[in-house]
Amino acid sequence: MQGESGRSIILTGATGFLGAFLMAGLLERGYQVTVLGRPSGDMRLSDRLSRLTRWFSIDPGEKLSAIETDFSKKHLGLDDKAYGNLCANAGKIIHCASDTSFAERNRERVMNTNVESLSSLLDFAADSRAEHLYYVSTAYACGRCEGICMETPVTAQSFHNVYEESKAQAEEVIRRSCEDSGVPLSILRPSIVYGHSKSGRALKFNALYYCVRSISYIRDIFVNDIRQGGGKSAKWGSFLDDDGVLYLPLRIHLPNRGSVNLIPVDYFVETVLCIIGHSGTGEIYHITCGDPPDIMTLSEYTQRFLGVRGIRVLWDQAGKITDPNPAEELFERLFEPYRPYLSDNRIFDRSRTQDVTHGLSAPLFTYEIFENCMAYAVACQWGKAGLPR
């Protein structure tokens, strides 16, 4: 596991979407990567990583190792010898593991994973005298606010969901711990991450994908009804035109004309690698889009990709439809958790990130990128088929 100074990385969350792509990027740059994590069912952590490296077409050789740990236990659940060896070879630490659920019913689980389990990791960072700790948070740790959000510690007291709240709390816990232990800290705050901007490949299909998938699901309900006689669809004004395009009367009400801050996973990885190579201590970095699309653009892309028309975006402070048709009722229920992010007035300052990356920016979110990402998601059955190919 031991590598030259600055080239040895401890990584958590490597079996998740961001962590997996980050692991691949680190290996491709020649880093020695040690992954901390758990087995899944009867599959060992090392086997899970082997599946991922095959998916990325990477042969890590001896550059990748896996250590099964438990963040809820002292010394990460390791015996004294194993823990001592890990501390002696730690280098830099990237903490990417988290529970990304927005659901209030999962509050206890999210808080346990994102906040309560930090103590063991932070003790490890202190015991190992880590060269640097990088914490992957979220740009939305800023909570309910409008205007410019600076690359500074969180001050918010109100949040849209438990995920935002947990990440804000975690930032504060980590910041205080690192101040006490003297471990250099950087906080990385990505916005909404989608698949690779060139290949469209991804490992998780939530957020943007979930909204598109919801409309795809509703489309299929109406198309199947029309093909079986169309009684219900005709009642609500839905029909297939001569070109096979579905007219789907669907109003999407949002409170204001904001934007949707999207970045591709390859931009996230490239930015993190720049930060690891050049960052100072105590700094916060927004990994966000400087020119994000709005919901109107995403609506146009979605209709074009799915072969539907009739979707309208309406602006209303109430943000609710008072007389919804069946399609609107279903969509409102499906996309409600993502509503705050689809008309967002928060603007993320990127000054520090721009300086470190020498002006690197996320690519403009074109229809070609959207189509590649969604076509890949459809080919993977929106993740139902297991690890994508």
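Presented here is a report on the structure given in the accompanying data block. Since we're looking at a predicted model, the values are computed, not measured.

Section: the environment of Ser 101
Line of reasoning, step 1. Secondary-structure assignment places Ser 101 in the loop between β4 (92-95) and α4 (107-116).
Line of reasoning, step 2. Taking C-alpha positions, Ser 101 is 20 Å from Thr 288, a pair spaced 187 residues apart along the chain.
Line of reasoning, step 3. Not counting the four nearest positions on each side in its chain, Ser 101 is found in contact with Asn 106, Arg 109, Val 110, Val 162 and Tyr 163.
Line of reasoning, step 4. At 3.0 Å, the side chain of Ser 101 forms a polar contact with the side chain of Asn 106.

As for the sheet that holds strand β9 (residues 239-240)
Line of reasoning, step 1. The mixed open sheet is built from 3 strands, whose spatial order is β9-β10-β13. Two strands close off the open sheet at either side, each with one partner strand: β9 and β13 (308-315).
Line of reasoning, step 2. Direction of pairing for β9 relative to strand β10 (residues 246-254): antiparallel, over a ladder of 2 bridges. Looking at the pairing, Phe 239 lines up with Tyr 247 of β10.
Line of reasoning, step 3. Across the sheet, helix α7 (residues 208-227) is in contact with β9, β10 and β13; its angle to β10 comes to roughly 145°.

Re the pairing of strand β2 (residues 32-37)
Line of reasoning, step 1. The buried fraction of β2 amounts to 6 of the 6 residues, a majority that puts the element mostly inside the structure.
Line of reasoning, step 2. Going residue by residue along β2, you find Gln 32, Thr 34 and Leu 36 tucked away on one face and Val 33, Val 35 and Gly 37 tucked away on the opposite face as well.
Line of reasoning, step 3. In this region the chain leaves strand β1 (residues 8-12), passes through helix α1 (residues 17-28) and returns to the parallel neighbour β2; the handedness of that crossover is right-handed.
Line of reasoning, step 4. Across 5 bridges, β2 lies against strand β3 (residues 64-68) in parallel orientation. Residue pairing across strands places Val 35 opposite Ala 66, the latter belonging to β3.
Line of reasoning, step 5. Between β2 and its parallel partner β3, the chain crosses via helix α2 (residues 45-55), and the hand of that crossover is right-handed.

About the thresholds
- Residues numbered from 1 in each chain as written.
- Predicted model: local features only at pLDDT ≥ 70, side-chain atom pairs only at ≥ 80, totals over all residues.
- Heavy atoms only, no water.
- Helix = DSSP H or I, 4+ residues; strand = E, 2+ residues; numbered from the N terminus.
- Contact = heavy atoms within 4.5 Å.
- Polar contact = N/O pair within 3.5 Å; in protein donor to acceptor, adjacent residues only side chain to side chain.
- Pairing = 2+ DSSP bridges.
- Axes fitted to C-alpha atoms, helices over the stretch in contact; angles between N-to-C directions.
- Buried < 20%, exposed > 50% of the residue type's maximum accessible area, 1.4 Å probe, protein only.
- Right-handed = clockwise from strand over helix to strand, strands pointing away.

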